[in-house]
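What follows is the residue order along each chain.
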Amino acid sequence: YEIGLGIPAEPLFRSQRITWISELRSAVEPLAAELAAKRATRDEAATMSLAVTGMIAAAADGDLDEYLHCDIGFHTALLQASHNPLVASHVNIVAAVLKGRTHLMPFEPRQEAIGFHRNIADAVAAHDPEAAADAMREIVAEAHQAMSSQ
């Protein structure tokens, strides 16, 4: 499965791809979370919270397609809520990474990861940039660990 980023899909490059993805996410997404906590509207914060609620329901139902849809919706809302068009321009990359993670390896939603998403949504709603960025770092680290261990 090619994740659509112009990165070789051969198994030889798998660990390198995981490193590249984690490096990009660790640079962009905590910044997006920080900016969103400073700039998000109530509607944007509510969209993130609803996406987390959808992730919880989809995980309980074992519906990976719906979980992925809600996860992408969460990250899309977060990036857009940064109100920085350069940060928001990473929406397609993050969506491709999330789709790739779901389709490239055995994937089961983890309650810990859902909790990190909830923490970000709550921090954005509370306008707490430090907590939002810290929780996003937890998501990126968890995703890196999950991809590396497969």
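Above this text sits the structure in question.
Because the structure is a prediction, the values reported are computed rather than measured. The numbers attached to residues start from 1 for each chain and follow its sequence in the written order. pLDDT decides what is reported in this predicted model: residues at 70 or higher carry local features, side-chain atom pairs at 80 or more are listed and counted, and totals for whole chains, interfaces and linings draw on all residues regardless. As a rule here, side-chain values come from all non-hydrogen atoms in the structure, and water together with hydrogens is ignored.

Explain the overall build of the protein chain here, please?
Each helix is a run of DSSP H or I of at least 4 residues and each strand a run of E of at least 2, with the numbering of both proceeding from the N terminus. Secondary structure summary: the protein chain contains 7 helices and 0 strands in total. In this description, contact between two residues means that some pair of their heavy atoms is separated by no more than 4.5 Å. Taking contacts inside the protein chain between residues at least 6 apart in sequence as the whole, the part at least 24 apart equals 75%. Only carbon and sulfur atoms are counted for the fraction: they give 54% of the accessible area of the protein chain, which is about 7,500 Å². Note that accessible areas follow from Shrake-Rupley with a 1.4 Å probe, and for residues the cover is restricted to the protein chains shown.

I keep staring at the environment of Ala45 and nothing clicks. Help me out?
Turning to its location among the elements, Ala45 is positioned in helix α2 (residues 42–61). Only protein chains enter the accessibility calculation, which uses a 1.4 Å probe; a residue whose area is less than 20% of its type maximum is buried, one above 50% is exposed, and one in between is partly exposed. Classification of Ala45 by relative accessible area gives buried; the value is 9%. The sequence separation of Ala45 and Ala125 amounts to 80 residues, and the corresponding C-alpha distance is 5.3 Å. For Ala45, the contacting residues outside a window of four places in its chain are Val124 and Ala125.

Can you help me understand the nonpolar core in this one?
It is characteristic of soluble globular proteins that their nonpolar side chains tend to be buried jointly. Definition of nonpolar core: a set of buried residues of the types Ala, Val, Leu, Ile, Met, Phe, Trp, Tyr and Cys, connected through side-chain atoms within 4.5 Å. If you look at the biggest cluster of nonpolar residues, it comprises 39 residues, and the most contacted ones within it are Met48, Phe74, Leu78, Leu79, Ile120, Val124 and Met136. Elements with a contribution of two residues or more to this core: α1 (14–39), α2, α3 (64–81), α5 (91–104), α6 (111–125) and α7 (129–148). If one sorts the elements of this core by residue count, α3 sits on top with 9 residues. In this view, Ile120 contacts Phe74, Leu78, Ala132, Ala135, Met136 and Ile139; residues no more than four positions away in its chain are not counted.

Keep in mind that these numbers describe shape and distance, not what the molecule does.
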